[in-house]
Amino acid sequence: MPKRSFSVKTVGINNQWVKYFDTGRKNWNTAGVSANIKRKSSAKPSFTANRYNGSWYGLYEPSGSRPNRSFKIKVNARTIDRDTGSISQYDKWVRSTVTHELGHGLSLDDNPNTRKASLMKHSRNRSNVQKPQPYDKSEVKRIYR
């Protein structure tokens, strides 16, 4: 069974990126889904950001099987910077991406088959959708009932 309480370590990032990560954790921890995502330096799951060559915004790389699954989250600052055009949009897109990737840690899939707004859709408006939407929250509750 997956868990909605887990710890993640930050790796090789500066204080600004730690703040982005903490905002993503807070977005889930205050979403009313009983998530408890912690930042802990000894955790196996990890979060990092860099200017990668790929065209993706964020990657969730799971390893192992449930219930002992671990993961790595990577955020691509280069692609986000390329596609946003302004610092205010950059911050919003980073927060949306970080929160989206942490959603995978809560067992949510990409591009859910729904017409409702979802943080997990790749086609979401990253400037407006930075927190879990009602659909995302209902999915977490469904998974962990």
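Computed from a predicted structure; not experimentally measured. Position numbers for residues start from 1 in each chain and track the written sequence from start to end. Only residues with pLDDT of 70 or above have their local features reported here, since the model is predicted, and side-chain atom pairs are shown and tallied only from 80 upward, although totals for entire chains, interfaces and linings are computed over all residues. Each side-chain value is worked out from all heavy atoms of the structure, with water and hydrogens disregarded.

Draft legend 1. Expanded view of unusual backbone geometry. Phi is positive for S34, close to 60 degrees, though the residue is something other than glycine. Considering the arrangement of structural elements, one finds S34 in the loop between α1 (15-29) and β2 (36-39). Judged by its relative accessible area of 57%, S34 is exposed. Each helix corresponds to a stretch of at least 4 residues labelled H or I by DSSP, and each strand to a stretch of at least 2 residues labelled E; elements are numbered beginning at the N terminus. For every residue, the accessible area obtained with a 1.4 Å probe (protein chains only) is divided by the maximum for its type, and the residue is called buried under 20%, exposed over 50%, and partly exposed between those limits.

Draft legend 2. Region of the structure containing α1. In this analysis, the expected span of each helix is defined as 1.5 Å times one less than the number of residues it contains. Look at α1: 20 Å from first C-alpha to last across 15 residues, which is about the 21 Å you get at 1.5 Å a residue. Considered for burial, the residues of α1 that qualify are W17, V18, Y20, F21, G24, R25, N27 and W28.

Draft legend 3. The pairing of strand β3 (residues 46-50), seen in detail. In terms of burial, β3 is a largely internal element, 4 of the 5 residues being buried. Any two strands are treated as partners once DSSP identifies two or more bridges connecting them. Looking at chain direction, β3 and strand β5 (residues 70-76) are connected through 5 bridges and run parallel. Paired with S46 across the bridge in β5 is K72.

Draft legend 4. Spotlight on the packing of helix α2 (residues 77-84) against helix α3 (residues 87-105). Axis lines are fitted through C-alpha atoms, for helices just across the contact stretch, and the angle between N-to-C directions can take any value from 0 to 180 degrees. At their nearest, the axes of α2 and α3 sit 9 Å apart, and the two run at 135 degrees to each other. The angle between the axes of α2 and α3 places the two elements in the oblique class. You can see that α2 and α3 cross each other, and the crossing is right-handed. Contacts between α2 and α3 pair A77, I80, D81, D83 and T84 from the former with Q89, Y90, W93, V94 and T97 from the latter. All amino acids are sorted into three groups, where Ala, Val, Leu, Ile, Met, Phe, Trp, Tyr, Cys and Pro are nonpolar, Asp, Glu, Lys and Arg are charged, and the leftover types, Gly among them, are polar. A breakdown of the residues in the contact of α2 with α3 according to their chemical character gives 5 nonpolar, 3 polar and 2 charged. Working definition: roughly parallel below 35 degrees, roughly antiparallel above 145 degrees, roughly perpendicular at 65 to 115 degrees, and oblique for all remaining angles. Crossing handedness follows the turn of the near helix against the far one: under a right angle anticlockwise gives a left-handed crossing, and clockwise gives a right-handed one. It only takes one pair of heavy atoms within 4.5 Å for two residues to be counted as in contact.

Draft legend 5. View of the environment of V75. Tracing the chain through its elements places V75 in strand β5. Judged by relative accessible area, V75 falls into the buried class, the value being 0%.

Draft legend 6. Structural detail: α2. Listing the buried residues of α2 in full gives A77, T79, I80 and T84. The arc that holds the buried residues of α2, viewed along the axis, is 165 degrees, so those residues lie on one side. Residues of α2 that are buried make contact with α1, β3, β5 and α3. Two or three places before R78, at the start of α2, stands the capping residue N76, its side-chain oxygen 3.1 Å from that residue's backbone nitrogen. In the stretch just after α2, G85 is the one whose phi turns positive, near 90 degrees. Here, the arc refers to the directions that run from the helix axis to the C-beta atoms. Pairs of N or O atoms are called polar contacts if they sit within 3.5 Å, as long as, within protein, a hydrogen donor faces a hydrogen acceptor (for residues adjacent in sequence, only side-chain-to-side-chain pairs).

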